Amino acid sequence: MDQIVIKNLFKIFGPDPKKAISLIDQGFTKEEVLEKTGMTIGVNNADFSIKRGEIFVVMGLSGSGKSTLVRMLNRLIDPSAGEIHINDQNITAMENKDLVKFRLKHMSMVFQSFALMPHLTVLENAAFGLELAGESKAARSKRATEALSQVGLEGWEDQYPKQLSGGMQQRVGLARALAADPDIMLMDEAFSALDPLIRTEMQDELLKLQEDSDRTIVFISHDLDEALRIGDRIAIMEGGRVVQVGTPEEILQNPADDYVKAFFRGVDPTNVISAGEIVNTNHPTIIKTKKGDIRSSLELLNARDYNHGYVLNAKRQFLGIISIDSLQEAFENGRSGESIEACYLPEVNPANINDNMQDILPEVASKSFPIPVVDDNNVFKGVVSKNRFLKTLHKSDINGHNESGSEHNESAAQPLQHAL
């Protein structure tokens, strides 16, 4: 379900936005509009939606418009044209007093700078937004204490910001946003000022917090590794335009243009593309009955010219793999009346649809059959074969992700090619 819907959104910095938008409609570029009018295009006709409960990352180079875009979502910057609908309300049409109430109830923001009050304690800083919202001292203290505990700062309530490390100060900023219990959290380069190790810790903290929440997070970043690590979907911006929106896998496999390709060049696709993205759903399956018929299973595989079949229960949960050889052996030895379980191949480890290609590489490379792929409830989703694995790597190469002959893809493909 979409929680944020952005329609034909523009931001022009200058005295006559309509004139600039008219030139854009005529096909003039950002640079040409600046030259003709002296006005700068911040955001150019953004049109996309953000789902409830997802971490949506907006990324691009400096000047691409990503921070301008996120500040329009809570109208810290007013749009020049277009609409923003949040929870089915058009916030671009709201009067200021209604907008303030809407922000306090539904939205929080975490900035790159920690923006802590040096004269307030950690607890008081975490409760500051609630104080502005008019919460009682007891209520805001309780909620701020809970938020600090969520981000690992229990016991630090009475300290002052100068007594904390940079990472701890950013945790206070995050706790301040969480204390308001917002539907939507906007995070503008929130971790970019932190050291790499602390930054990774904060990313992990964010993912952990999101596990049990349906909060929507809009996260601005210029760091591709960060976007790939935390983003459910990513929007790539260039020169004010939203060039492409999609999951990391979708963008990696089908980049919209050369700009997006350049962004993803050097990314190892085996760390990004999941088993669920490359699964083949057409492989034959056999539903296990109470008696389990070896003869009919053998006939089925022979008729469809497959060497292996995937046995499921009535709920389509994966049980095991049978082969022409294992069925034939049982049949020739007079065991055709036995349960089909006797013909299962040993040491079969199904992949989860969320496993990435790097995770499943050893299993794909070592097995003579396509490996089964299941969801979190063990429901069979299909198979991944060596051939499909290699085709995916080859497609990534064609799309320009490994033009320099990166060792990543070669090292992934090598054991597969040995196994073929």
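Fair warning: this is a prediction, and the values are worked out from it, not measured in the lab.

Q: What's the story with the sheet that holds strand 8 (residues 216-221) in this structure? I'm lost.
A: Strand pairing in a sheet relies on backbone hydrogen bonds. The paired strands run either parallel or antiparallel. In space, the six strands of this open sheet follow the order 6-7-8-3-9-10, with mixed pairing throughout. Every other strand in the sheet has two partners, leaving strand 6 (107-110) and strand 10 (241-246) as the edge strands with one partner each. Neighbouring strand axes in the sheet, compared pairwise and without regard to direction, differ in orientation by 15° on average. Taken together, the five bridges between strand 9 (residues 233-238) and strand 10 define a ladder with antiparallel strand orientation. By the bridge assignment, Ala 235 is partnered in strand 10 with Val 245. Helix-sheet contacts for helix 8 (residues 166-179) involve strand 6 and strand 7 (184-188), and the interaxial angle to strand 6 is about 170°. Strands in contact with helix 9 (residues 196-211) are strand 3 (55-60), strand 7 and strand 8; relative to strand 8, the strand with the most contacts, it is inclined by about 160°.

Q: Please explain the confidence of the model for the protein as it appears in this structure.
A: Predicted coordinates in areas of low pLDDT are best not read in detail. Considering every residue of the protein, the mean pLDDT works out to 85; 91% of them sit at 70 or more. Note on residues 400-420: pLDDT under 50 across the span, and 37 contacts to partners over four residues away in sequence or across chains.

Q: How do you make sense of the packing of helix 1 (residues 17-25) against helix 2 (residues 30-37) when you look at a structure like this?
A: When two helices pack together, their arrangement is given by the angle between their axes and by how far apart the axes lie. The interhelical angle for the contact between helix 1 and helix 2, taken along N-to-C directions, is 140°, at an axis separation of 10 Å. Considering their axes alone, helix 1 and helix 2 lie oblique with respect to each other. In this structure, the crossing between helix 1 and helix 2 has a hand that is right-handed. Note on element contacts: helix 2 touches helix 1 through Val 33, Lys 36 and Thr 37, opposite Lys 19, Ala 20, Leu 23 and Ile 24. Of the residues that constitute the contact of helix 1 with helix 2, the class distribution is four nonpolar, one polar and two charged.

Q: What is the right way to read the sheet that holds strand 1 (residues 2-13) from this model?
A: Spatially, four strands are ordered 2-1-4-5 in an open sheet, and the strand pairing comes out antiparallel. Of all strands in the sheet, those with a lone pairing partner are strand 2 (40-51) and strand 5 (89-90), marking the two edges. By the bridge criterion, two bridges tie strand 4 (residues 81-86) to strand 5 in an arrangement that is antiparallel. When the sheet's bridge partners are listed, His 85 is paired in strand 5 with Asn 90.

Q: Honestly, the environment of His 85 in this entry has me stumped. Any pointers?
A: Topologically, His 85 is positioned in strand 4. Counting along the chain gives 31 residues from His 85 to Leu 116, while the straight-line C-alpha distance between them is 30 Å. Beyond its immediate stretch of four places on either side in the chain, His 85 contacts Gln 3, Ile 4, Val 5, Lys 7 and Asn 90. Within the structure, His 85 has its side chain in polar contact with the side chain of Glu 83 (distance 2.7 Å).

Q: Explain the domain arrangement of the protein to me, please; I cannot follow it from the model alone.
A: Accessible area lost upon the coming together of the parts is a frequently used measure of interface size. Assigned domains within the protein: domain 1 (54-77 + 93-274) and domain 2 (276-396). A straight line from the C-alpha centre of domain 1 to that of domain 2 covers 42 Å. Taken together, the contact between domain 1 and domain 2 spans ten residues of the former and 13 residues of the latter. Both faces combined, the contact of domain 1 with domain 2 buries some 1000 Å², and carbon together with sulfur accounts for 52% of it. Summed over the three residues of domain 1 that lose the most area to domain 2, namely Gln 253, Thr 270 and Ser 274, the buried surface amounts to 57% of that side.

Rules used throughout
- Residues numbered from 1 in each chain as written.
- Predicted model: local features only at pLDDT ≥ 70, side-chain atom pairs only at ≥ 80, totals over all residues.
- Heavy atoms only, no water.
- Pairing = 2+ DSSP bridges.
- Helix = DSSP H or I, 4+ residues; strand = E, 2+ residues; numbered from the N terminus.
- Axes fitted to C-alpha atoms, helices over the stretch in contact; angles between N-to-C directions.
- Contact = heavy atoms within 4.5 Å.
- pLDDT = per-residue confidence, 0-100.
- Parallel < 35°, antiparallel > 145°, perpendicular 65-115°, else oblique.
- Left-handed = near helix turned anticlockwise from the far one by under 90°.
- Nonpolar A, V, L, I, M, F, W, Y, C, P; charged D, E, K, R; others polar.
- Polar contact = N/O pair within 3.5 Å; in protein donor to acceptor, adjacent residues only side chain to side chain.
- Domains from an automatic or database assignment.
- Buried area = accessible area lost by both parts, 1.4 Å probe.

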